[in-house]
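Observations on the model geometry
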Amino acid sequence: MELSTQKNDQPIIGTEEKVVSPWLEAWISFKKNKLAVIGAFIVIFFILVAIFAPLIAPYTFKEQMLSNRLLPPSSDHWFGTDDFGRDIFSRVVYGARISLWVGFLAVLGSIVVGCLLGILAGYYGKWVDAIISRTFDIMLAFPSILLAIAIVAVLGPSLRNALIAIAIINIPNFGRLIRSRVLTVKQEEYIMAAKAVGMKNSRILFHHVLPNSMAPIIVQGTLAIATAIIEAAALGFLGLGAEAPNPEWGKMLADARTFLIQAPWTMIFPGLAIMLTVLGFNLMGDGLRDALDPRMKN
């Protein structure tokens, strides 16, 4: 077989069209978003602080020394001390464990329950959809923080009950999100083909519908962690969350409000920790939304 010598007729040898997976494309898009990368670094920083808290903190969060009561920031106590002489830097570092633990576990519980209910409502429809959707509507009719306060008031003030309350109030958000996604996905041809060959509904739901609905769940989950951290801090501030001497950031703010004028550092540093953590998750969540949502791409 002879090959043409003309320039325009020369065959292209050894070139193949490079196929990029949607997840790789999303990662490339995410890396180009500078604010999202900054948010990711902030989140990773606080996760590392939480993991290595015993190595970072110069003191234990319980260690009291009344002779060092309400000392300003110094080389010995970087963030100063509180009214019990405890090192605030050490308490903020250990507090990252509690806030991130509550945020991740509460959102994980919301995702599991909300996605299960949303899938059932969107896939089966009819009376199943009516019952689940009306339940979501009733829960969303209440302000989230008031509903959380009511749940903790029934269960009793504790960090575990605060986590449960935060998980419950976020269930409707994920349930409605996954329901709307399932209503769209179940009309796709591959779902109809799976039904035609006799595939069981459970297999269709967990092997086809759910994997194709993960992108909005990831975005909403990242943003929900920031919300959960704020809600945990609010419950702690009201005395419905972590109990003393646990260094939960909201509880630290509540304990320090009496000394706002006398020792403002007792409130500034826990407040900054909350602000930076929430900012990091919000920036990262916005970046994930831009990367995973085709409508946000230019």
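Just so you know, these numbers come straight off a predicted model, no measurement behind them.

**Focus on the packing of helix H11 (residues 249-256) against helix H12 (residues 265-292)**
Axis separation between H11 and H12 bottoms out at 9 Å; the angle between their running directions is 155°. Comparing the axis directions of H11 and H12 gives the class roughly antiparallel. Crossing of H11 against H12: the hand is left-handed. Each of Trp249, Gly250, Met252, Leu253 and Ala256 in H11 lies in contact with H12, whose residues at this interface are Thr266, Met267, Pro270, Gly271, Ala273, Ile274 and Thr277. Split into classes, the residues belonging to the contact of H11 with H12 amount to eight nonpolar, four polar and no charged.

**Structural notes on unusual backbone geometry**
In this model, Leu70 sits at a positive phi of 55°, which is unusual for a non-glycine residue. In this structure, Leu70 sits in the loop between helix H3 (53-56) and helix H4 (88-124).

**Some remarks on helix H7 (residues 159-185)**
Residues spaced three or four apart along an α-helix point in a common direction, a consequence of the helix completing one turn every 3.6 residues. Across its 27 residues, H7 extends 38 Å between first and last C-alpha, which sits within 8% of the 39 Å expected from 1.5 Å per residue. The largest bend in H7 amounts to roughly 35° and is located at Asn170, with the proline Pro172 lying one to four residues further along.

**Observations regarding the confidence of the model for the protein chain**
Taken residue by residue, the protein chain gives an average pLDDT of 83. The fraction at 70 or more is 90%. Note on residues 1-7: pLDDT under 50 across the span, and four contacts to partners over four residues away in sequence or across chains.

**A few points about the packing of aromatic side chains**
The description of an aromatic ring pair uses the distance of the two centres, along with the angle that the planes make with each other. Inspection of the entire model under this criterion finds seven aromatic pairs. An angle of 55° between the planes, with centres 5.0 Å apart, marks the rings of Trp78 and Phe89 as tilted. With Trp78 in the loop between H3 and H4 and Phe89 in helix H4, this pair connects stretches of sequence that are 11 residues apart. With a relative accessible area of 55%, Trp78 lands in the exposed category. On the numbers, 5.1 Å between centres and 85° between planes, the contact of Phe79 with Phe89 is edge-to-face. Here Phe79, found in the loop between H3 and H4, pairs with Phe89, found in helix H4; they are 10 residues apart in sequence, far enough to count as distant. Taken together, the aromatic side chains of Trp78, Phe79, Phe89 and Phe269 make up a single cluster linked through ring pairs. Here the basic side chain of Arg257 rests over the ring of Phe237, its NZ or CZ set 5.1 Å away from the ring centre.

**Concerning the pattern of salt bridges**
Side chains that differ in sign of charge can pair as their charged atoms come close. This model, assessed by the stated rule, comprises seven salt bridges. Across the pair Arg134 and Asp137 runs a salt bridge, and its minimum N-O distance is 2.9 Å. Here Arg134 and its partner Asp137 are both found in helix H5 (residues 126-140), three residues apart, which amounts to about one turn of the helix. With relative accessibility at 48%, the residue Arg134 sits in the partly exposed group. On the basis of relative accessible area, Asp137 is assigned to the partly exposed category, the value being 29%.

**Digging into the nonpolar core**
Phe30, Val92, Ile166, Leu235, Trp249, Phe281 and Met284 are the most contacted members of the largest nonpolar core, which totals 64 residues. Tallying contributions element by element places H4 first for this core, with 11 residues. Once residues lying within four places of it in the same chain are set aside, the contact partners of Phe30 are Ala36, Val37, Ala40, Met284, Gly287, Leu288 and Ala291.

Thresholds applied
Residues numbered from 1 in each chain as written. Predicted model: local features only at pLDDT ≥ 70, side-chain atom pairs only at ≥ 80, totals over all residues. Heavy atoms only, no water. Axes fitted to C-alpha atoms, helices over the stretch in contact; angles between N-to-C directions. Helix = DSSP H or I, 4+ residues; strand = E, 2+ residues; numbered from the N terminus. Parallel < 35°, antiparallel > 145°, perpendicular 65-115°, else oblique. Left-handed = near helix turned anticlockwise from the far one by under 90°. Contact = heavy atoms within 4.5 Å. Nonpolar A, V, L, I, M, F, W, Y, C, P; charged D, E, K, R; others polar. Expected span 1.5 Å × (residues − 1). Bend = angle between axes of the 7 residues up to and from the residue. pLDDT = per-residue confidence, 0-100. Phe/Tyr/Trp six-rings, centres within 6.5 Å; stacked < 30°, edge-to-face > 60°. Buried < 20%, exposed > 50% of the residue type's maximum accessible area, 1.4 Å probe, protein only. Lys NZ or Arg CZ within 6 Å of the ring centre and 35° of its normal. Salt bridge = Lys/Arg side-chain N within 4 Å of Asp/Glu carboxyl O. Core = buried A, V, L, I, M, F, W, Y, C linked by side-chain atoms within 4.5 Å.

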